[in-house]
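Here are the chains, one letter per residue:
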Amino acid sequence: MHLSITAAIAGLCASAHAFSDSSPFILFSTAKLSASASQDQLQSGSRVLESTKQLLSSCPTNHYLFISQPNLNAGHLSSKAAVPKLSGFLSHATSSYSVAEVAGEFDVKSIADYVRETCQLPRSAIDMIELSPVPSSPAESAKALKGNDDELGLVLEQYEASAGDSYTVIYAGGSRTETPQTYTSEFTDSGVGQAELKRRLHNANGVRRQEKSDRKLPLFAKYQYFTPGVFMGLIAFLILMSILYVGISALASLEVSYGAFDKDMGPAAQKKSQ
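A brief report on the enclosed structure follows. Predicted model only: the values in this text are computed from it and were never measured.

Thresholds, definitions, all that
- Residues numbered from 1 in each chain as written.
- Predicted model: local features only at pLDDT ≥ 70, side-chain atom pairs only at ≥ 80, totals over all residues.
- Heavy atoms only, no water.
- Helix = DSSP H or I, 4+ residues; strand = E, 2+ residues; numbered from the N terminus.
- Buried < 20%, exposed > 50% of the residue type's maximum accessible area, 1.4 Å probe, protein only.
- Areas by Shrake-Rupley, 256 points an atom, 1.4 Å probe, with all protein chains shown as cover.
- Disulfide = S-S within 2.5 Å.
- Axes fitted to C-alpha atoms, helices over the stretch in contact; angles between N-to-C directions.
- Parallel < 35°, antiparallel > 145°, perpendicular 65-115°, else oblique.
- Left-handed = near helix turned anticlockwise from the far one by under 90°.
- Contact = heavy atoms within 4.5 Å.
- Nonpolar A, V, L, I, M, F, W, Y, C, P; charged D, E, K, R; others polar.
- Core = buried A, V, L, I, M, F, W, Y, C linked by side-chain atoms within 4.5 Å.

**What to know about the overall build of the protein**
(1) Moving on: Secondary structure assignment for the protein yields nine helices and six strands.
(2) Moving on: Every one of the 274 residues in the protein was classed for burial, and the buried ones make up 31%.
(3) Moving on: Accessible surface, the protein as shown: approximately 17800 Å² in total, 58% of it carbon and sulfur.

Given below as structure tokens:
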């Protein structure tokens, strides 16, 4: 049971964009898998899960590596150049099983739990790796896939050296961290609806331009600091200060002789006291 993943996915590359919630599934092993599985390249997650359990029910190898790649779809693996390290290991595998598009949820961890319980393997015999999510942008996705493939190549080389000639690798898409956003127009006519949409768009653009121009204005031009209330307060303050100044000046100008405070001890004062 040996199927070229490149040919399988390339055949359905055009339909990869039609199923936004689908992801590819790849299994390859150093052992010869005796069980047969469906070769349909569009299957549900539950069907692929059952087929994988049948393939691994005999515990064909001593080590298992489970790789999860979030946001992965069939279009990302449409050529060997996208993932050269993975394609190289896949081409040298004894057995392989692949599905271009797995529709619905597919949990790699459930397969790992099944293998652990069925084969009674220690924890060291089962490894799980989650690669960095693939961005939605085509340019960024190609760069991310290349980086993940280089990392995966190093992991597979180390795994092959430690596990020897008895290992199985499962590579599948993980949970989606990005959901493509689509827009459906609410206007079906070409008259009033489109005119209203253009008017709203024009108003929105005008508001954005006004906000951008306001951000570049000076601080005193953007905000009004000297309001009429401030001016009235300043005028009242100046009037009160002038009154206070006049009062202080009047008090300071008073002149009183020191003799006014001395007690009169002359003859006239003595007669008056008698």
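**Some thoughts on unusual backbone geometry**
(1) Moving on: In this structure, cysteine 59 takes a positive phi of about 55° despite not being glycine.
(2) Moving on: Structurally, the position occupied by cysteine 59 is in the loop between α2 (45-56) and β3 (63-70).
(3) Moving on: You can call cysteine 59 partly exposed: its relative accessible area is 26%.
(4) Moving on: One non-glycine residue, asparagine 71, lies in the positive phi region at around 65°.
(5) Moving on: Taking the relative accessible area as the measure of exposure, asparagine 71 reaches 5% and is therefore buried.

**Describing the state of the cysteines**
(1) Moving on: All told, the structure shown has one disulfide when counted by the stated rule.
(2) Moving on: Across the disulfide from cysteine 59 sits cysteine 119; the S-S distance is 1.9 Å. Disulfide cysteine 59-cysteine 119: the torsion about the S-S bond is -100°, which places it as left-handed. Note that cysteine 59 is positioned in the loop between α2 and β3 and cysteine 119 in helix α4 (residues 108-119), a separation of 60 residues in sequence.

**Here's the deal with the packing of α2 against α4**
Two measures define how a pair of helices packs: the angle their axes make with one another and the distance between the axes.
(1) Moving on: Look at α2 against α4: their axes get within 11 Å of each other, and the N-to-C directions meet at 30°. Classified by the angle their axes make, α2 and α4 are roughly parallel. For the pair α2 and α4, the crossing hand works out as right-handed. Contacts between α2 and α4 involve Leu49, Thr52, Lys53 and Leu56 from the former and Ser110, Ile111, Tyr114, Val115 and Cys119 from the latter.
(2) Moving on: Grouping the amino acids of the contact of α2 with α4 by side-chain chemistry returns six nonpolar, two polar and one charged.

**Thoughts on the nonpolar core**
(1) Moving on: Counting 24 residues, the largest nonpolar core has Phe25, Phe66, Phe106, Ile111 and Val115 as the members making the most contacts within it.
(2) Moving on: Broken down by secondary-structure element, the contributors of at least two residues to this core are β1 (22-29), α2, β3, β4 (95-103), α4 and β6 (167-174).
(3) Moving on: Residue contributions to this core peak at five residues, all from α4.
(4) Moving on: Phe89, Ala93, Tyr167 and Tyr171 belong to the second largest nonpolar core, which has 21 residues in total.

**A closer look at the environment of glutamate 130**
(1) Moving on: Examined against the element boundaries, glutamate 130 turns out to sit in strand β5 (residues 126-130).
(2) Moving on: Exposure remark for glutamate 130: the relative accessible area of 60% places this residue in the exposed category.
(3) Moving on: When the C-alpha positions of glutamate 130 and isoleucine 67 are compared, they lie 5.8 Å apart, and in sequence the two are 63 residues distant.
(4) Moving on: Apart from the residues within four sequence positions on either side, glutamate 130 is in contact with Ser68 and Pro70.

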